[in-house]
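Residue strings, one per chain:
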Amino acid sequence: MEWKSYPKNKPTEAGSYLISITRPYSNGDYTTKYLAYYKPDLDIWFEYDGLTEKISSKINVKVNAWVDRLGIFI
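About the cut-offs
Residues numbered from 1 in each chain as written. Predicted model: local features only at pLDDT ≥ 70, side-chain atom pairs only at ≥ 80, totals over all residues. Heavy atoms only, no water. Helix = DSSP H or I, 4+ residues; strand = E, 2+ residues; numbered from the N terminus. Contact = heavy atoms within 4.5 Å. Core = buried A, V, L, I, M, F, W, Y, C linked by side-chain atoms within 4.5 Å. Buried < 20%, exposed > 50% of the residue type's maximum accessible area, 1.4 Å probe, protein only. Pairing = 2+ DSSP bridges.

*Asks:* I'm lost on the side chain of Ser-20 in this one. Help?
*Replies:* Structurally, Ser-20 can be placed in strand β2 (residues 15-25). Residues contacting Ser-20, with those up to four places away along its chain left out, are Trp-3, Thr-31, Thr-32, Lys-62, Val-63, Asn-64 and Ala-65.

Put into structure tokens, the structure is as follows:
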């Protein structure tokens, strides 16, 4: 798994990605991982539910990085 910084490096294909986001928190900023859907033609990240494959609202927090190839536990 190799993180790619965003917006310096952007995905070229639409799809779901694991992203690192930073959002405001009561005592400062909070950075965590999040599953999102990216549309390269719009250069926009969307909230994404991987179980239902539902794409919802635009992500309005800072996206730090993304990764496209995760190992799968079988």
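*Asks:* It is not clear to me how the nonpolar core should be interpreted in this structure. Could you clarify?
*Replies:* Buried together is how nonpolar side chains tend to be arranged in soluble globular proteins. Counting 10 residues, the largest nonpolar core consists of Tyr-6, Tyr-17, Ile-19, Ile-21, Ala-36, Tyr-38, Trp-45, Ile-59, Val-63 and Trp-66. Considering each element in turn, this core owes the most residues, 3 residues, to β2. In contact with Tyr-17, other than residues within four places in its own chain, are Pro-11, Tyr-34, Leu-35, Ala-36, Tyr-38, Trp-45, Trp-66, Val-67 and Asp-68.

*Asks:* Any chance you could explain the pairing of strand β3 (residues 28-39) here in plain terms?
*Replies:* Residues in a regular strand project their side chains so that they alternate between the two faces of the sheet. Where β2 meets β3, 11 bridges bridge the pair, whose relative direction is antiparallel. Bridged to Ser-16 within β3 is Tyr-37. The antiparallel pairing of β2 with β3 creates a hairpin that spans 2 residues between the two strands. Pairing of β3 with strand β4 (residues 44-49), which is carried by 4 bridges, proceeds in the antiparallel orientation.

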